[in-house]
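One letter stands for each residue in the lines below.
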Amino acid sequence: MKHLIDPLDLSVGEIDELIAVAQDIEQNPEKYAHLCEGKKLATLFYEPSTRTRLSFEAAMMNLGGKVLGFASADTSSAAKGESIADTIRVVSCFADICAMRHPKEGAPQVAAQFSGIPVINAGDGGHQHPTQTLTDLLTIRMLKGRLDHLTVGLCGDLKFGRTVHSQIKALSRYQGMRFVLISPEELRIPSYIREEVLHARGIPFQEVERMEPVLPKLDILYMTRVQRERFFNEEDYIRLKDTYILDKHKMQYARPDTYILHPLPRVNEISTEVDSDPRAAYFRQVQYGVYIRMALILKLLNIHAE
Ligand code: CP
């Protein structure tokens, strides 16, 4: 039984296969409409979510399956003190596969050790968010036609932003990738990403504080929000939250073929005036998230279209 806890749980070849299936799902949705009939997906969300939970649920419904679950710890027996290990043993009696989001880093990994069904990490604290990364990779492939020889700018809260950590891990395995890491000093990437991923693999990267000078270099600009819920101190959050606001004026520095991605939710870091720019791809990204999660559910349940 396979789980998806970390983006590196999938080989580059497996990710390429998932992307190919997702592209086929977009073109031929009817081919996939009944493949999960009789199957159930449990969504165990101990932390708020709009996109990840609902896109998992939409993905399973699009495949003809059913969904069950909870959307907050308060409405589950976690509120009575039940452990992750016991919860997943119980849920394994109800469902065929589950997606788990939890504020504690490593919680889905613990669940996988006790689970009778495949566990998908739907975001664990400030650690990893592998299915957002699959979404991002599919989006980049659709927009740029490739996943190699690209310069990707990641901007905002690179310390707590789990989508950033997962994306660097996954993209670092492709040839010719470069990263431009744009953040305030206090929100730079964790040292394990810098040392164990970027330095260890010899990936070229630079860390800068200002966005405008680097914009012309970028193929992709990945904006992120400052993660209020991970701060120990509200004053620090307020001081840092509006460090970067991408607006029409700043978009003039970006090339015509530079696409803007964002895992969402957006707070203030992309002005709504950018939404109508053809380079703004963050809502298309959400749609791609459904296709890639459909492909992932099929893979983990070992179901094939033909
Ligand atoms: N991108 C993402 O994880 O969004 P949600 O928090 O709404 O699931």
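Model, not experiment: these values are computed from the prediction. (Residues numbered from 1 in each chain as written. Predicted model: local features only at pLDDT ≥ 70, side-chain atom pairs only at ≥ 80, totals over all residues. Heavy atoms only, no water.)

1. Quick word on the overall build of the protein chain
Piece 1. In terms of helices and strands, the protein chain carries 10 helices and nine strands.
Piece 2. Relative to a compact globule of 306 residues, whose C-alpha radius of gyration would be 19 Å, the protein chain shows 19 Å and is just as compact.
Piece 3. Across the 306 residues of the protein chain, 56% fall into the buried class.
Piece 4. Pairs at least 24 apart in sequence give 74% of the contacts found in the protein chain among residues at least 6 apart.
Piece 5. Across the protein chain, the mean location of the 37 positive side-chain charges is 1 Å away from that of the 40 negative side-chain charges. (Helix = DSSP H or I, 4+ residues; strand = E, 2+ residues; numbered from the N terminus. Rg over C-alpha atoms; globule rule 2.2 N^0.38 Å. Buried < 20%, exposed > 50% of the residue type's maximum accessible area, 1.4 Å probe, protein only. Contact = heavy atoms within 4.5 Å. Lys, Arg positive; Asp, Glu negative; His and termini not counted. Charge placed at Lys NZ, Arg CZ, Asp CG, Glu CD.)

2. Observations regarding the sheet that holds strand β2 (residues 66-70)
Piece 1. Ordered by their spatial adjacency, four strands build an open sheet running β2-β1-β3-β4, and the pairing between neighbours is parallel. Each edge of the open sheet is held by one strand with a lone partner, namely β2 and β4 (119-124). Neighbouring strand axes in the sheet, compared pairwise and without regard to direction, differ in orientation by 15° on average. (Pairing = 2+ DSSP bridges. Axes fitted to C-alpha atoms, helices over the stretch in contact; angles between N-to-C directions.)

3. Some points on empty space enclosed by the protein
Piece 1. As enumerated under the stated definition, the model contains two cavities of 30 Å³ or more in all.
Piece 2. Considering only enclosed or pocket space, the largest cavity measures out at about 70 Å³ in volume.
Piece 3. Lining the largest cavity, in full, are Arg51, Ser55, Gln132, Thr135, His262, Pro263, Gln285, Val286, Gly289 and Arg293.
Piece 4. Elements that contribute at least two residues to the lining of the largest cavity include exactly α2 (51-62), α5 (130-144) and α10 (282-300).
Piece 5. Here the lining of the largest cavity gets four residues from one element, more than from any other, and that element is α10.
Piece 6. Its residues assigned to classes, the lining of the largest cavity shows two nonpolar, six polar and two charged. (1 Å grid on protein atoms, 1.4 Å probe; cavity = no way out; pocket = protein on both sides within 12 Å on 5 of 7 lines; lining within 4 Å. Points joined across faces, edges and corners; volume = space filled by probe spheres on them. Nonpolar A, V, L, I, M, F, W, Y, C, P; charged D, E, K, R; others polar.)

4. Quick word on the sheet that holds strand β6 (residues 178-182)
Piece 1. Taking strand neighbours across the sheet as the criterion, the five strands line up as β7-β6-β5-β8-β9 in an open arrangement whose pairing is parallel. The open sheet is flanked by β7 (205-208) and β9 (259-261), the only strands paired with a single partner. Strand-to-strand twist across the sheet, computed as the mean angle between neighbouring axes with direction ignored, equals 20°.
Piece 2. Docked against the sheet, helix α7 (residues 191-201) engages β6 and β7, running at close to 140° with respect to β7.

5. A word on the packing of helix α6 (residues 162-171) against α7
Piece 1. Relative orientation of the contacting elements α6 and α7 amounts to 15°, with a least axis distance of 10 Å. The orientation of α6 with respect to α7, classified from their angle, is roughly parallel. Crossing handedness for the pair α6 and α7: left-handed. Every residue of α7 that contacts α6 at His165, Ile168 and Lys169 is listed here: Tyr192, Ile193, Val197, Leu198 and Arg201.
Piece 2. In terms of residue class, the contact of α6 with α7 is built from five nonpolar, one polar and two charged. (Parallel < 35°, antiparallel > 145°, perpendicular 65-115°, else oblique. Left-handed = near helix turned anticlockwise from the far one by under 90°.)

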